[in-house]
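Here are the chains, one letter per residue:
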Amino acid sequence: MRPEPKRRAVVLALGSLLASGHAGSAQAQAASGDERVVARLFGRDVTAGQLQWTRSLSVDEAAHRLRALAIGAALERYVRDNKLAATAEDIAAFSRWDATFRRSARSELQAALQRIEGQLQDKALPAARRKELDEQRRALQTYGALQEARSARPLGPGEEERALRSWIEGHKLRRALYEQYGGRVVEGRIGQDPVGAMETLLREHEKIGRLRFVDAQLAEPFWRAFRNDARPAVPAGQVDFSYYWLRPAPQLFN
C-alpha cells in the first residue's frame, strides 16, 4: 500500500515534482559566470554558468543539475499540454478531505493517548511494557504538539491555494505519466514516483531535439542516474496513482 500523507504540513511544505522543477529553473536562470553552452533544452541554451559548473564541480553533479532543469521544464510542458492543471473542483475536494482528516486525526490522537494512560494505571504492568507505552505516549504528544504549532502558523495570501495546486498537479502528472508510459516505479519522499516513465518522456524529447547535450560528457551521467536510482521499487501489483483525497481519510492511531 502507498503511504498516505500523515499531516497537513506535507501539503504546505513539500509541493510536487513540478514545483521542484520551477525552483530549479529559477535558480539556474539566476546563475551567472561561464557562458559556454553545454546543452540545449526546449530551444534555450543551458550554459556552464547556469549549472554553476566550475573546475571544483564534478561532471556527475553538473549532469544532476541539468537533469533537474530538464525534468522541471518537461513536467511544466506536460501539465500544460495534457491539461492537468488543478481545477477549483480538485482544490475543493482536497480541502474537504483535509479538513475531515485533521478532525479525525485529532480525535484519534486523543483516544490513543487516553488508552495509553489507562494502561499505565495498571500497577502490575511489566516494566518493559510500561517503558514501551511511555515512549509511545511521548511520541504521540510530540506529534500532537507539532501539528498544533503548524496549524497555528499564519499563511500568506494565497499561499495555501498555491501549495494545494502544486501538490494536486504533482499527483495528476505522475498518474498521467505512468498511464502513458508505464515503467519502473519507486517509493519517493512524497509517494510513488514513476521514474521509468520520466526517463521515457525525456528520451522522447531528446529524440526530437528538444533535449540536446552540446557537451557530450554530460549525457552518460544524465541517463545513468535513472538506471542507478536506489530507492525501493514498487511491485507492479502495488502501484497506485489513484487520488487518495477521493477516498475516506485514513486512520492513523487505531
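Residues numbered from 1 in each chain as written. Predicted model: local features only at pLDDT ≥ 70, side-chain atom pairs only at ≥ 80, totals over all residues. Heavy atoms only, no water.

This paragraph deals with the overall build of the chain. Counting secondary structure elements, the chain contains 8 helices and 5 strands. Counting helices and strands in the order they occur from the N terminus, the chain gives α-α-β-β-α-α-α-α-β-β-α-β-α. Here the chain, with 254 residues, has 43% of them falling under the buried criterion. A separation threshold of at least 6 residues defines the contact pool for the chain, and within that pool the share at least 24 residues apart is 71%. Total accessible area computed for the chain in this model is approximately 14100 Å², and 51% of it derives from carbon and sulfur atoms. (Helix = DSSP H or I, 4+ residues; strand = E, 2+ residues; numbered from the N terminus. Buried < 20%, exposed > 50% of the residue type's maximum accessible area, 1.4 Å probe, protein only. Contact = heavy atoms within 4.5 Å. Areas by Shrake-Rupley, 256 points an atom, 1.4 Å probe, with all protein chains shown as cover.)

It is worth spelling out the pattern of salt bridges at this point. This model, assessed by the stated rule, comprises 19 salt bridges. Across the pair Glu 220 and Arg 227 runs a salt bridge, and its minimum N-O distance is 3.4 Å. Overlapping salt bridges, with partners in common, bring together Asp 60, Glu 220, Arg 224 and Arg 227 in one network. (Salt bridge = Lys/Arg side-chain N within 4 Å of Asp/Glu carboxyl O.)

This brings us to the confidence of the model for the chain. With 82% of its residues at a pLDDT of at least 70, the chain reaches an overall mean of 83. The lowest-confidence element of the chain is helix H1 (residues 8-13), averaging 36 in pLDDT; the highest-confidence one is strand E5 (residues 211-213), averaging 97. (pLDDT = per-residue confidence, 0-100.)

If a residue is not glycine, its phi is most likely negative; likewise, a peptide bond is most likely trans. Not every positive phi belongs to a glycine, and Phe 42 is a case in point at roughly 50°. Relative accessible area serves as the criterion here: at 18%, Phe 42 is assigned to the buried category. The phi angle at Gln 52 is positive, at roughly 55°, despite the residue not being glycine. When you line up the elements, Gln 52 lands in the loop between strand E2 (44-47) and helix H3 (59-81).

The next point concerns the side chain of Asp 90. Tracing the sequence through the fold places Asp 90 in helix H4 (residues 88-120). The contacts of Asp 90, once residues within four sequence positions are left out, are Ala 85, Ile 168, Lys 172 and Trp 245.

Taken together, the 4 bridges between strand E1 (residues 37-41) and E2 define a ladder with antiparallel strand orientation. Bridge assignment links Val 37 to a residue of E2, and that residue is Thr 47. Between the antiparallel neighbours E1 and E2 lie 2 residues, among them Phe 42 with a positive phi of about 50°. (Pairing = 2+ DSSP bridges.)

Its location among the elements puts Val 234 in the segment after helix H8 (219-227). Considering only alpha carbons, one finds Val 234 and Val 186, 48 residues apart in sequence, at a separation of 5.3 Å. If near-sequence neighbours (up to four positions away) are discounted, Val 234 is found in contact with Val 185, Val 186, Glu 187, Gln 192 and Val 239.

Next up on the list: the nonpolar core. Core analysis: the largest hydrophobic core is formed by 35 residues, its most contacted members being Leu 177 and Phe 222. Put simply, the parts of the chain that give this core at least two residues each are E1, H3, helix H6 (159-181), helix H7 (195-207), E5 and H8. The leading source of residues in this core is H3, at 10 residues. Sequence-distant contacts of Leu 177, that is, excluding residues within four places in its chain, are made with Leu 75, Tyr 78, Gly 182, Pro 194, Ala 197, Met 198 and Leu 201. Within the second largest apolar cluster, 13 residues are counted, among which are Ala 93, Trp 97, Leu 164 and Ile 168. (Core = buried A, V, L, I, M, F, W, Y, C linked by side-chain atoms within 4.5 Å.)

This paragraph deals with the packing of H4 against H6. Two elements in contact, H4 and H6, have axes whose closest approach is 10 Å; the angle formed by their N-to-C orientations is 100°. Relative to H6, the element H4 lies roughly perpendicular. Taken together, the residues of H6 that come into contact with H4 (itself represented by Asp 90, Ile 91, Phe 94 and Ser 95) are Glu 161, Leu 164, Arg 165, Trp 167, Ile 168 and Lys 172. Looking at the contact of H4 with H6 residue by residue, the class counts come to 5 nonpolar, 1 polar and 4 charged. (Axes fitted to C-alpha atoms, helices over the stretch in contact; angles between N-to-C directions. Parallel < 35°, antiparallel > 145°, perpendicular 65-115°, else oblique. Nonpolar A, V, L, I, M, F, W, Y, C, P; charged D, E, K, R; others polar.)

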